[in-house]
Amino acid sequence: MIYNFSAGPGVLPEPVLREVQAEFLSYKQGVSIVEMSHRSDTFATIVEQLEARLRRLMQIPDDYAVLFLQGGATLQFSMVPMNLRESGRFAYLDSGIWSKKAIADAKHYGDVVVAGSSAAVKYRDLPAWPETISDVDYLHVTLNNTIEGTRYTKLPDTGVPIVADVSSNILAEAIDVKRYGLLYAGAQKNIGPAGLTLVIIRRDLIVDRDLPSYLAYSKHVDTLLNTPSTFSLYVAERVLAWVEGEGGVEAMERRNVEKSGLFYDALDASPLFHAVVSGKQRSLTNIPFTTGDAETDRAFQRFAEARGLIELGGHRSVGGLRASLYNAMPLEGVKRLIDVMHEFEQEGQDVSYKNV
Ligand SMILES: *Cc1c(COP(=O)(O)O)cnc(C)c1O
């Protein structure tokens, strides 16, 4: 049994992968899903279903549009400031490496006000929400910091539209859509294969601007502008059907609280490992941890890999270890990880573990 703790592309539900495999050669009309026109009725039904499921799961109000794009969360780092630009002043919370990248891209389109930053403490903490913020087109926040393992849980009233990168926590925990002006997420963490990006945007924020067609939100509303990543849309629809069948976002959040709680407890009790993030800001989905020694961390990674627990390395920019516990990671995977950590701690009494 392999358990995949990858931060992205991440683990997907096994029943969905089996279903996709079974349908791959012939989807309904005798051709593969990857050979089918994105304008066909069969495919249009998939996209409609996908949107309907997402709207039900996240309780997305009618005055929000759902856009299916490509380019990853990274393209949204540019599309957001391009499309929401009124005054050309944008506020950002600098809470991690992804928000830092979002800030760098936004600077191409206007003036960025950094409304709070935890860069000085290497993003171990979250910057506080600004008390008041005005004269900006929006405030951008990375709700769950995939690399650093922190997350925001409370949302203040800011008076300006809040734009949130929810790439690694969408459908993993409840998100109150109507509190936001725009939400975006790359699909490959918790929704499906790479190649699909979701944008959920309040319709009054969609303004026709003088932008190249693909880059304008207005060109994607209620239509597929060009050929989307059809396979990713198809798998995403199946994953969302799975999420609905399992009890929706509420059930996912409950499980993620249980899984991450078990893992944090094990880390807090461990004589060897510890969590990088402390307290209430701990992410439900991405958990960086370490022994405090880079060589021992690598030794554990190899030790775990040999036991079927893969992708436990930290992000290349921070090192250490990280376990991503997305919706499709079963509780058994977390229990197995904790057992293997205990095994490693035992063997660690003997120095030879450094060479496993
Ligand atoms: C993974 C990730 C990104 C980058 O996503 P791409 O789809 O690779 O562009 C951006 N933000 C967050 C929070 C992420 O987790």
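Residues numbered from 1 in each chain as written. Predicted model: local features only at pLDDT ≥ 70, side-chain atom pairs only at ≥ 80, totals over all residues. Heavy atoms only, no water.

Asks: I tried to follow the domain arrangement of the protein on my own but got confused; where do I start?
Replies: How big an interface is tends to be stated in terms of accessible area lost as the parts join. For the protein, the domain assignment lists domain 1 (3-9 + 247-347) and domain 2 (14-246). Computed over C-alpha atoms, the centres of domain 1 and domain 2 are 26 Å apart. Taken together, the contacts link 28 residues of domain 1 with 26 residues of domain 2. Carbon and sulfur atoms make up 53% of the surface buried where domain 1 meets domain 2, a total of about 2,300 Å² over both sides. For the pair domain 1 and domain 2, the number of links is 1 salt bridge. The closest approach of N and O atoms between arginine 255 and glutamate 246, which form a salt bridge, is 2.5 Å. Mapped by element, the contributors of at least two residues to the side of domain 1 that touches domain 2 are helix 6 (248-269) and strand 12 (286-290). The element contributing the most residues to the side of domain 1 that touches domain 2 is helix 6, with 8 residues. (Domains from an automatic or database assignment. Contact = heavy atoms within 4.5 Å. Buried area = accessible area lost by both parts, 1.4 Å probe. Salt bridge = Lys/Arg side-chain N within 4 Å of Asp/Glu carboxyl O. Helix = DSSP H or I, 4+ residues; strand = E, 2+ residues; numbered from the N terminus.)

Asks: Would you mind going over the nonpolar core with me for this structure?
Replies: Side chains of nonpolar character tend, in soluble globular proteins, to be buried together. Within the largest apolar cluster, 55 residues are counted, with the highest numbers of intra-cluster contacts made by Leu54, Met58, Leu171 and Leu183. Per-element accounting of this core gives the leading share, 8 residues, to helix 5 (residues 230-245). Every residue in contact with leucine 54, bar those within four places of it in the chain, is listed here: Gln59, Ile60, Val66, Leu171, Leu198, Ile200 and Leu240. Grouped together as the second largest cluster of nonpolar side chains are 28 residues, Leu267, Ala304, Leu321 and Ala328 included. (Core = buried A, V, L, I, M, F, W, Y, C linked by side-chain atoms within 4.5 Å. Buried < 20%, exposed > 50% of the residue type's maximum accessible area, 1.4 Å probe, protein only.)

Asks: For this particular structure, what's the right way to read the UniProt feature "binding site: L-glutamate" (unreviewed entry) in the protein?
Replies: Under the local residue numbering, the UniProt record ascribes the feature "binding site: L-glutamate" (unreviewed entry) to Arg39. You can see arginine 39 is positioned in the loop between helix 1 (14-23) and helix 2 (41-58). (UniProt positions renumbered as here; feature names shortened; annotations may be inferred.)

Asks: When you look at the UniProt feature "modified residue: N6-(pyridoxal phosphate)lysine" (unreviewed entry) in the protein in this model, what are you seeing that I'm missing?
Replies: Within this numbering scheme, the UniProt entry marks Lys189 as carrying the feature "modified residue: N6-(pyridoxal phosphate)lysine" (unreviewed entry). By the secondary structure assignment, lysine 189 is in the loop between strand 9 (182-186) and strand 10 (197-202). Ignoring sequence-local partners within four residues, the contact set of lysine 189 consists of Ala7, Gly8, Gly10, Thr146, Ser167, Ser168 and Tyr326.

Asks: Before we go on, may I ask you to explain the sheet that holds strand 10 in this structure?
Replies: Whenever strands of a sheet pair, they do so through backbone hydrogen bonds, lying parallel or antiparallel. Strand order in the open sheet formed by 7 strands is 2-10-9-8-5-3-4, with mixed pairing between adjacent strands. Edge positions in the sheet fall to strand 2 (64-69) and strand 4 (111-117), since each of these pairs with one other strand and no more. Strand-to-strand twist of the sheet, defined as the mean angle between neighbouring strand axes without regard to direction, takes the value 20°. Two elements, strand 8 (residues 162-165) and strand 9, share 3 bridges in a ladder whose sense is parallel. (Pairing = 2+ DSSP bridges. Axes fitted to C-alpha atoms, helices over the stretch in contact; angles between N-to-C directions.)

Asks: Mind showing me how you'd approach the sheet that holds strand 12 here?
Replies: With antiparallel pairing, the 3 strands of this open sheet are ordered in space as 11-12-14. Every interior strand has two partners, whereas the edge strands, strand 11 (274-275) and strand 14 (321-324), have only one. Bridge count for strand 11 against strand 12 is 2 bridges, and the pairing is antiparallel. By the bridge assignment for strand 12, histidine 274 is matched with threonine 290. Along the sheet face, helix 6 touches strand 11, strand 12 and strand 14 and points at about 10° away from the line of strand 12.

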